[in-house]
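Reading the structure
Below are the chains, spelled out letter by letter.
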Amino acid sequence: MINWTRRSLFCAALASMTALPVAAQETVSAVVIDGYPDRALWVKEFTNFFIPEVDRRLAENGNYVMNWQENYGGSIVKPKGVLEGIQLGLGDIGIVTTIFHSSKLPSQGLAAVTPLVSSDARVVAKAVDEIAREFPAMQNEFAAQNQVYLATGVVLNSYQIFSAKEVSGVSDLEGFKVAGAGMNLRYLEGIKDAAGVRGGLTDFYNMLQTGLVDAGMLWPEAAATFKISEVAPYMLRADLGAVNSKTVTVNQDYWNALPDEVKETLQAVAIDYRDHLSGIAMDRAAAAEAAYVAAGGTIIDVSDEDRAAWAAAMPNIAQEWANTLNDKGEPGTQMLEAYLGKLEAAGFVGVRDWTQP
């Protein structure tokens, strides 16, 4: 758990050296919340990258200095409570785990409903964020929750299956209970008698250890961080794909009171944080897999034929997603086609065309 206040030493030092009067520099307080612990990648990089970068850019003009109050690990909200916490003003800025809120934030499910296309977190993060800026649906959904959308982040290079039982291929997952966090549970519908069990990342270790589930769907970096190899020593590398699951948002009332310079800085740094985070996710993926093996884990590769067969057996959740938005008057079909077009332009074509019925 973390609950602490800091003021940038860099900005303070700079302010002490300037000839401007102290009154010329205004302090802006910001309460940051996330229910996940500070060791989670996106939380750690919010502390190590986002906050110092905002401080650095504001210091260039010297008009404002931030007073950051960071609250993580359940000190204010649990992992599923960030959206409501920002809505109610319990925090000013938060990292919303969007996969927990498919009914309130359906547009954020875009990458999740198009599995087996791209395992490049950088490409997926950029494409989803561009869709959010080109189509109003995503930002409108956050506005309905009294929040301003800043940027979408991707923290995983690809979902894989981590199993407590020995597996050699997709068919071995038949009859399995698999932990997942959201839309990815739908991927199991193409596997005979497999059942998804909803849970959060911080719950997966205990769910596997106690036998509540046979496997968990998560990504290698998280598996290393949360020591999943201890309870799930088999990883089925299916490369289900990168999925956006983190969005930086700001309470609308707080946002309205911010100076324009601070708003512009937060917006710009959020995009850089998006790219920084996805870059780290990719850099750490291979190292995390190596760490998993070094800790006693075994990695089994899924063949291209099995991946194609698995995709074909899934319900077309992309079409379901698009039709749900279409029925609400949103351009779901256009968003889906535009998103897949961006991935294709970046060199990624899935084993199944999700735009087709």
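Data block above holds the structure.
The notes below deal with the structure included here. (Residues numbered from 1 in each chain as written. Predicted model: local features only at pLDDT ≥ 70, side-chain atom pairs only at ≥ 80, totals over all residues. Heavy atoms only, no water.)

**Some thoughts on the environment of Glu 53**
Relative to the elements of secondary structure, Glu 53 occurs in helix α2 (residues 41-61). By relative accessible area, which is 14% here, Glu 53 ends up buried. When the C-alpha atoms of Glu 53 and Glu 70 are compared, they prove to be 15 Å apart, with 17 residues separating the residues in sequence. (Helix = DSSP H or I, 4+ residues; strand = E, 2+ residues; numbered from the N terminus. Buried < 20%, exposed > 50% of the residue type's maximum accessible area, 1.4 Å probe, protein only.)

**Comments concerning the environment of Asn 71**
Structurally, the position occupied by Asn 71 is in strand β3 (residues 64-72). The class of Asn 71 is buried, set by a relative accessible area of 5%.

**A word on the pattern of salt bridges**
Summed over the entire model, instances satisfying the criterion amount to 16 salt bridges. One salt bridge connects Arg 274 with Asp 129, and the closest N-O pair in it is separated by 2.7 Å. With Arg 274 in helix α9 (residues 260-294) and Asp 129 in helix α4 (residues 121-134), the pair connects residues that are 145 residues apart, well separated along the chain. The residues Arg 274 and Asp 129 share a single accessibility class, namely buried. Notably, a salt bridge pairs Glu 189 with Arg 186, separated by 2.3 Å at the nearest N-O pair. When its relative accessible area of 46% is taken as the criterion, Glu 189 is described as partly exposed. Arg 186 gets classed as partly exposed once you look at its relative accessible area, which sits at 22%. (Salt bridge = Lys/Arg side-chain N within 4 Å of Asp/Glu carboxyl O.)

**Quick word on the sheet that holds strand β7 (residues 177-180)**
Taken together, six strands build an open sheet; the order of strands is β8-β7-β9-β6-β10-β12 and the sheet is mixed. The two strands at the open ends of the sheet, each matched to only one other strand, are β8 (195-198) and β12 (298-301). The sheet shows a mean angle of 30 degrees between the axes of neighbouring strands, taken without regard to direction. Looking at chain direction, β7 and β8 are connected through four bridges and run parallel. Looking across to β8, one finds that Gly 180 is bridged to Arg 198. (Pairing = 2+ DSSP bridges. Axes fitted to C-alpha atoms, helices over the stretch in contact; angles between N-to-C directions.)

**Side note on the packing of helix α11 (residues 317-327) against helix α12 (residues 332-345)**
Interaxial distance between α11 and α12 falls to 7 Å at its minimum, and their mutual angle equals 140 degrees. With respect to α12, the element α11 is oriented oblique. Residue-level inspection shows Ala 318, Gln 319, Trp 321, Ala 322, Leu 325 and Asn 326 of α11 in contact with α12, the latter providing Gly 332, Thr 333, Met 335 and Leu 336. When the residues that make up the contact of α11 with α12 are grouped by side-chain class, the tally is six nonpolar, four polar and no charged. (Parallel < 35°, antiparallel > 145°, perpendicular 65-115°, else oblique. Contact = heavy atoms within 4.5 Å. Nonpolar A, V, L, I, M, F, W, Y, C, P; charged D, E, K, R; others polar.)

**A look at the packing of aromatic side chains**
Taken as a whole and assessed by the stated rule, the structure comprises eight aromatic pairs. For the ring pair Phe 162 and Tyr 292, a centre distance of 5.3 Å and an interplane angle of 80 degrees mean the geometry is edge-to-face. Within this pair, whereas Phe 162 is found in strand β6 (residues 160-163), its partner Tyr 292 is found in helix α9, the two being separated by 130 residues in sequence. Residue classification places Phe 162 among the buried positions, given a relative accessible area of 1%. The buried category is assigned to Tyr 292, whose relative accessible area is 4%. (Phe/Tyr/Trp six-rings, centres within 6.5 Å; stacked < 30°, edge-to-face > 60°.)

**Notes on α4**
If you check α4, its first and last C-alpha atoms are 20 Å apart, about what 14 residues at 1.5 Å a residue would give, namely 20 Å. Every buried residue of α4 is accounted for by Ala 121, Val 123, Val 124, Ala 125, Ala 127, Val 128, Asp 129, Ile 131 and Ala 132. In this structure, the buried residues of α4 make contact with α5 (137-143), β5 (147-153), α9 and α12. Put simply, Asp 120 is the residue that caps the front of α4, since its side-chain oxygen is 2.9 Å from the backbone nitrogen of Arg 122. (Expected span 1.5 Å × (residues − 1). Polar contact = N/O pair within 3.5 Å; in protein donor to acceptor, adjacent residues only side chain to side chain.)

**Details of the pairing of β7**
In the sheet, β7 pairs with strand β9 (residues 215-218) via two bridges, with the strands oriented parallel. Within β9, the position partnered with Val 178 by the bridge is Ala 215.

**Topic: unusual backbone geometry**
Backbone geometry at Asn 146 places phi at a positive 60 degrees, although glycine is not the residue there. When you line up the elements, Asn 146 lands in the loop between α5 and β5. Residue classification places Asn 146 among the partly exposed positions, given a relative accessible area of 21%. Look at Asp 239: it is not a glycine, yet its phi comes out positive at around 50 degrees. One can find Asp 239 in the loop between β10 (234-237) and β11 (246-251).

**With respect to the packing of α4 against α12**
Contact pair α4 / α12: the axes reach a minimum separation of 9 Å and the direction vectors enclose 145 degrees. Crossing handedness for the pair α4 and α12: right-handed. From α4, Val 123, Val 124, Ala 127, Val 128, Glu 130, Ile 131 and Glu 134 reach across to α12, where they touch Met 335, Ala 338, Tyr 339, Lys 342 and Leu 343. When grouped by side-chain class, the residues that make up the contact of α4 with α12 number nine nonpolar, no polar and three charged. (Left-handed = near helix turned anticlockwise from the far one by under 90°.)

**Topic: α9**
Relative to the 51 Å expected for 35 residues at 1.5 Å per residue, α9 spans 50 Å between its end C-alpha atoms, a close match to the ideal helical length. The sharpest bend along α9 reaches about 35 degrees and sits at Ala 285. (Bend = angle between axes of the 7 residues up to and from the residue.)

**Examining the pairing of strand β4 (residues 93-97)**
The buried fraction of β4 amounts to five of the five residues, a majority that puts the element mostly inside the structure. The alternating pattern of β4 places Ile 93, Ile 95 and Thr 97 on one face and Gly 94 and Val 96 on the opposite face, and all of these are buried. Two strands pair when backbone bridges link them, and β4 and β11 are joined in this way by five bridges, in the antiparallel orientation. Considered in β11, the bridge of Ile 93 is made with Val 250.

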